[in-house]
Amino acid sequence: MAFKCPACKKQWDVSLQVARHIFGTGDKAHRAWIESQGESYADLLVQQATTPGNASYETVAKLVEKAQDKL
């Protein structure tokens, strides 16, 4: 199953790849989508930069999966 970026509709095979794309792009549309899901882009970015592991990516990946289920 392919996962689509909810902001720009690009596809990847794994939701974690979409999360990395969202963080890597970081434009207004991608940041706004994260904010619309009740998360803070800035807080997630700081957490990703200061905490070992991929906690922020995994949080966004779960949001992507939930958004995919609604389509």
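Scroll up for the structure.
Residues numbered from 1 in each chain as written. Predicted model: local features only at pLDDT ≥ 70, side-chain atom pairs only at ≥ 80, totals over all residues. Heavy atoms only, no water.

### With respect to the overall build of the protein chain
Part 1 of the argument: When helices and strands are counted, the protein chain shows 4 helices and 2 strands.
Part 2 of the argument: Ordering the α and β elements of the protein chain from the N terminus gives β-β-α-α-α-α.
Part 3 of the argument: Compactness check: the protein chain gives a C-alpha radius of gyration of 11 Å against a globular reference of 11 Å for 71 residues, within 12% of the reference.
Part 4 of the argument: Its C-alpha atoms give the protein chain principal-axis dimensions of about 30 × 25 × 20 Å.
Part 5 of the argument: Looking at the protein chain as a whole, 34% of its 71 residues are labelled buried.
Part 6 of the argument: Long-range contacts, defined as pairs at least 24 residues apart, comprise 42% of the intrachain contacts of the protein chain with a sequence gap of at least 6.
Part 7 of the argument: Carbon together with sulfur atoms contributes 50% to the accessible area of the protein chain, which is approximately 4400 Å² in total. (Helix = DSSP H or I, 4+ residues; strand = E, 2+ residues; numbered from the N terminus. Rg over C-alpha atoms; globule rule 2.2 N^0.38 Å. Buried < 20%, exposed > 50% of the residue type's maximum accessible area, 1.4 Å probe, protein only. Contact = heavy atoms within 4.5 Å. Areas by Shrake-Rupley, 256 points an atom, 1.4 Å probe, with all protein chains shown as cover.)

### Focus on the packing of aromatic side chains
Part 1 of the argument: Counted by the stated rule, this structure contains 2 aromatic pairs.
Part 2 of the argument: Measuring from centroid to centroid gives 5.2 Å for F23 and Y57, while their planes differ by 65°, and the two rings are edge-to-face. On the criterion of sequence distance, the pair formed by F23 in helix 1 (residues 15-25) and Y57 in helix 4 (residues 55-70) is long-range, its members being 34 residues apart. Across the pair, exposure class does not vary: F23 and Y57 are buried alike.
Part 3 of the argument: Through a chain of ring-to-ring contacts, three or more aromatic side chains come together here, namely F23, Y41 and Y57. (Phe/Tyr/Trp six-rings, centres within 6.5 Å; stacked < 30°, edge-to-face > 60°.)

### Focus: helix 3 (residues 41-50)
Part 1 of the argument: Among the residues of helix 3, those classed as buried are Y41, L44 and Q48. Projection of helix 3 onto a plane perpendicular to its axis shows the buried side chains occupying an angular sector of 70°, all on one side. Counted as exposed and oriented over 90 degrees from the buried face of helix 3: D43, V46, A49 and T50. (Arc of directions from axis to C-beta.)

The quantities given are spatial measurements derived from coordinates; they are silent on function.
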